Structures are given as C-alpha cells and as structure tokens.
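Overview (structure and organization)
So you can see what is in the structure, the chains are spelled out below.
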Amino acid sequence: MFQRILVANRGEVALRVIRACKDLGIEVVAVFSEADRGAPYLGLADEAICIGPPSAAESYLKIPRLISAAEIANVQAIHPGYGFLSENPHFAEVCRACKIEFIGPPVEAMRLLGNKNEARKLAQKVGVPVVPGSEGLITDEKQALALAHAMSYPVLIKAAAGGGGRGMRVARNDISLQAGLKAARQEAESAFKDGSVYLEKYIEQPRHVEVQILADHHGKVVHLFERDCSLQRRHQKLVEESPAPGLPAKVREEICQAAVRLIKAADYANAGTCEFLVDRDHKFYFIEVNARIQVEHPVTELVTGLDLVREQIRIAAGEKLRFGQEHIRPRGCAIECRINAEDPFADFRPSPGRITRWEPPGGPGVRLDTHAVAGYTVPPNYDSLVAKLLVHQPTRDEAIACMRRALREFRVEGIRTTIPLHEEIFKHSAFVDGQVDTTFIERHWSKG
Ligand code: ADP
C-alpha cells in the first residue's frame, strides 16, 4: 500500500480524498492555487503546496507544477479527483513515466473511452445498445444533413471529446443543424482542442441512468448498481438518487450487465461509470463512460456501504477487490442534492463570495460533503459546487421527507445557492411520484 499520496484537486473532492487517505492511514499532500490559499481543508492534509496563480490553466491543470509538487513531497501516487486532469490520459502517462502511480484507469482505457465516438463503437461491438447515430465523425455539412434526414429530426450534435454538456446542440431542422454544427465545432475546439463532432438521435425526455463500476487489475469487475441523474440543468446534474425510481427490475439488471460487459471489453480498471439514457418505453442506450470518480459517488456509497475512494486507492496499489458481485446488496434509498454557489432563479448565474452564515443540517440519515465553513470565501475561478447534501433512508418517500427537513435546516447567507430550488423540487408532485426526466427542471422552472 502507498505511504503518501498527493491530491491534484481542490475543494470538496480534495477534502473527500484527504479523508479517505486518513481513514486508510496514508499521509496526504494537498496542493492549492493562490485563490485557495488558507482554505480550511488544506489544514487537514499533512502538507500543502502552492502550485501557482488562481487561473486553473496555471495551477490545477498545469502538469509540470503538479509533478514537481509530487516529487518535492515524495509521494508514490496522485489522486486526480474529478474534473481538471482526472480524465487526461497524457497526465496519467506523465505520472507513470515519473514512477508515480495515477489513481485511475490504465492510459489505454482512458484514451479509448475518452473519445465518445470510439466508446460507442466498442459498445456496439459487445452488443450494448447505443443511441442511433452517425457511424463515425461528421466530415461535412452535406453528410450531416443526409444523416439527419435518414434519422429524422430532432438530432443532437455532440463533440467527440465532449464533457460538461459542452459542444452539444439540439437540431430540429436543417437550419438549426447547419448553425448548430458550426457552434458545436467552435465550442469543442476551444474547450477540448478537438472540434470533431458526430450526430445522435435526440431522445425526447429521457431519463439519465448510470451504473457504477469497480474493476481491479486482476480481471475482476463488479457493478454497484445504478444512479438516476435525470434532474439536470443545461445537461448538468443537480439531483442524483439510487435506486432509479420505477425502473423495472429486468431493465435494471440488463443495464448493469451491459455496463460490466463494456468495462471488461475496454480492459478497464479502477472506478468508472457507464452512462445511459432510458426512453419512455424503458429502452436504454449507452452514451458514455466517465473514467474517474464522479461527483455523485456518495449516493452509491450510502446504498452499498462501500467507500469508493478507498477502493480506488486499494485498486491502484494493486490489491484485489475483496468482494464479489454476490456480496453487493444495495439497501434503502439515497438521494444527493448539489449545492452550488449560483442563483437558480437568475439563469444559474455564479454567485461567488464570502459565506457570512453557514449552518449545516445534521441528524439521522444525513451526510454533508463540503469544504465550506462560515467565513469561507467561494472563489470565482472554479466550479461552483460548495456542498453535496445526501440522505439515506429505507424508502424513497422517507428519503424525500428527510431531504426536505435537511434543506430546511441548511442556512446559508452571503452567497446565493441552489438550496431554494431543491426545496421546490422536493415539494413537486411529479418529482415525488418519480416522474423525472432530463427536461424536468427546464419545463418547470423555465426561467432557470
Ligand atoms: P457530457 O459528457 O458533456 O456531460 P453526455 O453525453 O454525458 O455529455 O450527456 C449529458 C446529458 O445530455 C445527458 O444526461 C442527457 O441529459 C443529454 N443527452 C446526451 N445525449 C442525448 C441524446 N442522444 N438525446 C437526448 N439527450 C441527450
């Protein structure tokens, strides 16, 4: 096992990894940009190293700085968290070339799955259904128009290198397809330095269901069941829960098995997630693999009782999974609300600044993962996630009641947060009935 690990990330997930290391008795080194200097969670690490100015490009994304910090701190492994460099195969390669273990999947698997178009091809090869779409990348407008006519509108233009909902455009006719192609290409080029795009049939009002996977380096792959992440704004998740409400047992089993097949075919190891869309007839379609730990992983931790970050570290250290599929028995219902520093009623505009009041909820069945405290200043430079509020209860109805109570207890002042929107969601009869899909928030809070 490793003696010392560096966390190449910040905020909530940096603290999450620090805690996992402490629980394993491993020393942990944090890094920070000048914008995060003095952040309370840094004090919980054994050492904290400044890696540059506030701009992420000059700090959390700057590979030479991270590697220098790792060498100075003399660590054996780097945990990348989520976001930043977590899905960057080049970073993983550099780590390994420097004899530092990258706590994540093998470089080849990352490379393969990082390209959505390649991942689609692999899925098709192993009999996992994909959203109908173009066989390969779009080369010109004429081809795109012909494909869209063959598939029939609406279609979705997607960036091969996409992530975070960027480089994605819905097209409902020829004109919006032509405009969308240009816009998606430009957005993808500037965000990922790769402007290649492909087409998919746009599934109307689907649910987003994903399967958590753990795989070791000895050929063992298990799934940890599913999460429903249908509540999204601009293709970004806001509420996640497990089990997926109302998903027939047979479909659930098929989705989980499809995920395992795909992960095995990719020679994958460590934690990963296979994402699917489920249409109104419960037909499911693979969309992508997230080759990292995800924001919403605690939902699965609550229902399975496993610590996914500890498992990631053990897997990276070469240990075998100590349990088989038959040992994983999900219990009860878990729900997560993402608490972002943004104004949900003003188009989710970021709301950084100093938190003047911070009274977190507690009590039975409540878990709060956060790096924020009273007096903490949310910097404007990064993702707006400030906390993840989770509940775990025997049934979904009880989980909803518990979440309402926890949201009411949660008092934050000084910044705007998504808490008031969550309070409305958890009162909404369609949500309470489990009638969720990816357009739910757009349809009910159209200004947001
Ligand atoms: P990203 O990697 O940018 O997050 P994903 O492929 O994971 O993109 O898709 C994110 C979200 O976009 C999905 O959860 C879903 O809401 C929507 N989406 C993606 N593909 C489709 C599709 N073919 N039809 C309808 N919605 C889609």
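Let me sum up the structure you'll find in this document.

Cut-offs and rules
- Residues numbered from 1 in each chain as written.
- Predicted model: local features only at pLDDT ≥ 70, side-chain atom pairs only at ≥ 80, totals over all residues.
- Heavy atoms only, no water.
- Helix = DSSP H or I, 4+ residues; strand = E, 2+ residues; numbered from the N terminus.
- Contact = heavy atoms within 4.5 Å.
- Pairing = 2+ DSSP bridges.
- Near = heavy atom within 4 Å.
- Polar contact = N/O pair within 3.5 Å; in protein donor to acceptor, adjacent residues only side chain to side chain.
- Areas by Shrake-Rupley, 256 points an atom, 1.4 Å probe, with all protein chains shown as cover.
- Nonpolar A, V, L, I, M, F, W, Y, C, P; charged D, E, K, R; others polar.

Overview of the environment of Ile26
- Residue position: Ile26 is located in the loop between α1 (11–24) and β2 (27–33).
- When the C-alpha atoms of Ile26 and Gln186 are compared, they prove to be 44 Å apart, with 160 residues separating the residues in sequence.
- Setting aside anything within four residues of it in sequence, one finds Ile26 in contact with Met1, Phe2, Gln3, Arg4, Ile5, Cys21, Asp46 and Ile313.

Quick word on the sheet that holds strand β1 (residues 4–7)
- A sheet is described by the order of its strands in space; here five strands give the open sequence β3-β2-β1-β4-β5, paired in parallel fashion. Single-partner strands in this sheet number two, and they are β3 (47–52) and β5 (101–102).
- Of the pairings in the sheet, the one linking β2 to β3 comprises five bridges and is parallel in character. In the sheet register, Val31 faces β3, and the bridge partner there is Ile49.

So, the site of the ligand
- Close contacts around the ligand come from 21 residues, with Gly165, Glu200, His208, Gln232 and Glu288 the closest.
- In this structure, a nitrogen atom belonging to the ligand sits 2.9 Å away from a side-chain N or O atom of Lys158.
- In the complex, the protein chains occlude 96% of the 550 Å² of accessible area that the ligand would expose alone.
- Elements supplying a minimum of two residues to the shell around the ligand: β6 (155–159), β8 (197–201), β12 (270–278) and β13 (284–290).
- Split into classes, the residues belonging to the shell around the ligand amount to seven nonpolar, eight polar and six charged.

Purely geometric stuff here, so don't read any function into it on its own.
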